[in-house]
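Summary of the model geometry
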Amino acid sequence: MASIDLFTTDNLLRYISEWDPREPAHTKGGYMDGEIKIPNVEGKLRMEIQTYPAEDVDKLVANVHPCLLHVVRIGKGKREQELEPVPTYYHWKQVFEIEDGIVKIINRKSELDVEKDGFTPRPVPEIDEITKVDGNSIVLGRKRGQLNLILLQPKQQARAKPTEATVTKVLADRLQKGKEKIEMYEQFFKKKNAKNLKRVRLRVDFYKENGTHCGYSISPQTIVDTGNKEIGSMDFYDATPHKSCIRGGRKIIMVSEYNLAKDVSPIFEVYDDFGEPRPELDQFLSQPTDFNRRNQTIIFITPPQPRLHEITENLNNWTIKLLAKRKGDGYKSNKMFNFRYIDHEFNSCPFCDYKVDSDELVKIEAGIERPKPRQKKRIMTCTPVVCTEKRQRIQSTDEQSCGSSETSSYLKSSPAYSMSSSYEMPVNTPDSGIDIPFNGYNSDGGYTSNSDLEYTTTLTQEDLNNLSAMTEQAKFVVVEEDAQFPKAYVTGAQFQNMNQPLVQNVGERSMMEIPSLNFESHWGPEELTGTAEDLIENIDVDQLLITMDIHEDICTPQPAEISNIGSSFFTAPSVAPANAFMTQKDPWMSQGTMPFIKQGPVLLQQRIQSDSTMQSGMFRVKITTFHILNIYF
């Protein structure tokens, strides 16, 4: 009578790639232990072993299973993997021949049985001896001389490579049906039915030499994949604490060795002093209901136990065990923890009154919410970086020109000074009149101790009324933005445009009077919502330029040239003096005995800076009044 019995009912199912005979050191274990009894038939027998589903599956797949069988060749202390064909989709069945007590395997090779060069065939024999019949049975095991049989699980179609065996390919080979039928069968081994793939039985069939079927057997044991959290192993590493007040309310943490299924819950059970469970007394225990389950952790609050005295009435010596139970298959964890409830003492309970665990209310934290669209679940807290490095102050053109050799002091101490060229000041210096705060440098105008340009005199409203007397002593005048003044004087003969030089002659003199008003409201800074417009360009030249009264016998006409009134300022004498050089402290005056005019022309020039919003096309306008000195010899 043919039969098959399995001594091992739990194994960790591996993928084909983990047992690939083409790769070295790919032996993972998982051999099946058991025994196959062959029928008492004379002559040669043909034995077929195939995978078979569990008993409680759907009737549609009651005779088909997509797992594969692989025969491992164990030699003298090592695996003889060169004798094994590469497992593929039609290895759900293994075929053997039994003759004269010798069991031989009939190998089925595929296009995968080639060396790494891609075309050299692997030395896999067509028929090879693997074991012998011991009495009337074949032993399954992991030793040499036994039938070393393992189970392999195929991948799902979406995860597999083109050459790998999949559930779809195995079912197609077993059923020999169309694609629509295969997809219908495949649904019983995917998603919520994936546990059917993890439970396998074995079926063995025997045929005579003429092909007559002479017996079969299905293993009564079902092999379960221990790596599956829904039907596999569930072992706990630790649980703490192991004691609670009879009123409950203490937080308990259980840590698992593996991932937990969604239907796992903590339970209490009653055991006698011999370590035997007493399920009839479990009804007097209140089970935890307030718990939180994570991947490998269970956190719960102990429930109150008002009926413990009833257990004592039925059993003198008893203990409470804490363990976990899986609802799907009713499996309970092997490791259990002794748990104890103590009586509550009024005003002296260590848990309720003395708060040995926490001074706060004991509760289970909600945890991190599940990820949502446009909302991350994994977030890292970042520490803001504070920049403590000070900005290096940008030196003016005069400071950069100093420190040169004395032999070339005339050329290097005066910035870009010559007879034919104009004196041009860069935009990012305090002398340019253009304020660009976002350019990394803000001119302090001589108000702070950090400034090296000590040429500024700040005027009050009273000083402005006597502007003529003040300008006789001042070198350079800056008018505050909110100051009011009655008159401003501008000298020059012509003011054609921004790119044309302005030539002022002593013979041509004119003056324009501006009514007294608030300087801030007239010139800015007011926010301009439109495109910035050059206001000076739109002023009538004839009314703007009026020459002041200067004695002709004191000086000769000196041309003043302004090439770009918005960004730089130009002035040049008719003859270059021998001692005309600029110093670091005063870029306008010489420290020598050079004579100069006490009173000179005054020019209104606009200063443009960006708005605090840093928006393009938005400007504020600031006006600075310069006292221009005509140099003569």
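Residues numbered from 1 in each chain as written. Predicted model: local features only at pLDDT ≥ 70, side-chain atom pairs only at ≥ 80, totals over all residues. Heavy atoms only, no water.

1. Describing the side chain of aspartate 205
Within the element layout of this structure, aspartate 205 appears in strand β12 (residues 199-207). Looking at aspartate 205, the relative accessible area reads 3%, which means it is buried. There is a polar contact of 2.9 Å between the side chain of aspartate 205 and the side chain of histidine 213. Contact partners of aspartate 205, with chain neighbours within four places excluded, come to Arg46, Met47, Glu48, Gln50, His213, Gly215 and Tyr216. (Helix = DSSP H or I, 4+ residues; strand = E, 2+ residues; numbered from the N terminus. Buried < 20%, exposed > 50% of the residue type's maximum accessible area, 1.4 Å probe, protein only. Polar contact = N/O pair within 3.5 Å; in protein donor to acceptor, adjacent residues only side chain to side chain. Contact = heavy atoms within 4.5 Å.)

2. So, the packing of aromatic side chains
One pass over the structure, following the stated rule, counts six aromatic pairs. On the numbers, 5.9 Å between centres and 80° between planes, the contact of tryptophan 19 with tyrosine 31 is edge-to-face. Note that tryptophan 19 is positioned in the loop between β3 (14-15) and β4 (34-37) and tyrosine 31 in the loop between β3 and β4, a separation of twelve residues in sequence. The burial state of tryptophan 19 is the same as that of tyrosine 31; both residues are buried. Ring geometry for phenylalanine 268 versus phenylalanine 300: centroids 6.3 Å apart, planes at 75°, classification edge-to-face. Remark: phenylalanine 300 occurs in strand β20 (residues 297-301) and phenylalanine 268 occurs in strand β18 (residues 264-272); sequence separation between them is 32 residues. An identical accessibility class is assigned to phenylalanine 268 and phenylalanine 300; each is buried. Among the aromatic residues, those joined into a ring-pair cluster are Phe268, Phe300, Phe339 and Tyr341. (Phe/Tyr/Trp six-rings, centres within 6.5 Å; stacked < 30°, edge-to-face > 60°.)

3. What about the sheet that holds strand β11 (residues 149-153)?
Spatially, three strands are ordered β3-β11-β6 in an open sheet, and the strand pairing comes out mixed. The sheet terminates laterally at β3 and β6 (68-71), the two strands that pair on one side only. Bridging between β3 and β11 involves two bridges; their strand directions are parallel. Paired with tyrosine 15 across the strands is glutamine 153, a residue of β11. (Pairing = 2+ DSSP bridges.)

4. Details of the nonpolar core
In terms of nonpolar packing, the biggest core is built from 41 residues, with Ile36, Met47, Ile49, Phe96, Ile98 and Ile138 touching the most fellow members. Considering each element in turn, this core owes the most residues, four residues, to β12. When residues no more than four places from it in sequence are discounted, the contact partners of methionine 47 are Ile36, Gln94, Val95, Phe96, Ile98, Ile138, Val204, Asp205 and Phe206. By size, the runner-up hydrophobic cluster in this structure holds 24 residues, among which are Ala239, Leu260, Leu315 and Tyr341. (Core = buried A, V, L, I, M, F, W, Y, C linked by side-chain atoms within 4.5 Å.)

5. Side note on the layout of surface pockets
By rolling a water-sized probe across the atoms, one finds the places where empty space is left. Here the second largest pocket is characterised by a volume of approximately 400 Å³. Taken together, 13 residues form the lining of the second largest pocket, with Arg293, Arg294, Asn295, Arg370 and Lys377 sitting closest to its centre. (1 Å grid on protein atoms, 1.4 Å probe; cavity = no way out; pocket = protein on both sides within 12 Å on 5 of 7 lines; lining within 4 Å. Points joined across faces, edges and corners; volume = space filled by probe spheres on them.)

6. A few points about the confidence of the model for the chain
Of the residues in the chain, 60% reach a pLDDT of 70 or more, and the chain-wide mean stands at 75. Low confidence marks residues 474-530, where pLDDT is under 50. Its contacts with residues over four positions away, or in another chain, come to 165 contacts. Contacts of residues 547-600 to residues separated by more than four positions or lying in other chains number 141 contacts, the stretch itself having pLDDT below 50. (pLDDT = per-residue confidence, 0-100.)

7. Regarding the environment of lysine 262
Mapped onto the secondary structure, lysine 262 falls in the loop between β17 (251-256) and β18. On the basis of relative accessible area, lysine 262 is assigned to the exposed category, the value being 76%. Along the chain, lysine 262 and glutamate 230 lie 32 residues apart, while their C-alpha atoms are 8.2 Å from each other.

8. Digging into helix α1 (residues 167-175)
Regarding α1, the residues found buried are Val167, Val170, Leu171, Arg174 and Leu175. Mapping the buried residues of α1 onto a view down its axis gives an arc of 115°, with all of them on the same face. Buried residues in α1 make contact with β5 (45-52), β6 and α2 (179-186). Downstream of α1 by one or two residues, glutamine 176 has phi in the positive range, about 55°. (Arc of directions from axis to C-beta.)

9. A closer look at the sheet that holds β20
Overall, antiparallel pairing links the four strands, which are arranged β15-β17-β20-β19 in an open sheet. The outermost strands of the open sheet, each flanked by one partner alone, are β15 (236-240) and β19 (291-293). Recorded for the sheet is a direction-independent mean angle of 10° between the axes of neighbouring strands. Looking at chain direction, β19 and β20 are connected through three bridges and run antiparallel. Residue pairing for β20: phenylalanine 291 is matched across the bridge by phenylalanine 300. (Axes fitted to C-alpha atoms, helices over the stretch in contact; angles between N-to-C directions.)

10. Focus: the environment of isoleucine 246
Inspection of the secondary structure puts isoleucine 246 in the loop between β16 (243-245) and β17. Between the C-alpha atoms of isoleucine 246 and arginine 340, which are 94 residues apart in sequence, the distance is 9.1 Å. When residues no more than four places from it in sequence are discounted, the contact partners of isoleucine 246 are Pro304, Gln305, Leu308, Tyr341, Ile342, Asp343 and His344.

11. Regarding the pattern of salt bridges
Summed over all chains, the structure comprises 20 salt bridges. The salt bridge involving glutamate 99 is made with lysine 44; its shortest N-O contact spans 3.8 Å. Of this pair, glutamate 99 sits in strand β7 (residues 93-99) while lysine 44 is found in the loop between β4 and β5, placing the two residues 55 residues apart along the sequence. Judged by its relative accessible area of 39%, glutamate 99 is partly exposed. Its relative accessible area of 27% is what places lysine 44 among the partly exposed residues. One connected set of salt bridges, linked through shared partners, spans Arg46, Glu48 and Lys93. (Salt bridge = Lys/Arg side-chain N within 4 Å of Asp/Glu carboxyl O.)

12. Structural notes on the packing of α1 against α2
At a closest axis distance of 10 Å, the pairing of α1 and α2 adopts a crossing angle of 120°. If you check the angle between α1 and α2, you find them oblique. When you trace α1 past α2, the crossing you get is right-handed. Facing α1, whose interface residues are Val167, Thr168, Leu171, Ala172 and Leu175, α2 presents Ile182, Tyr185 and Glu186. (Parallel < 35°, antiparallel > 145°, perpendicular 65-115°, else oblique. Left-handed = near helix turned anticlockwise from the far one by under 90°.)

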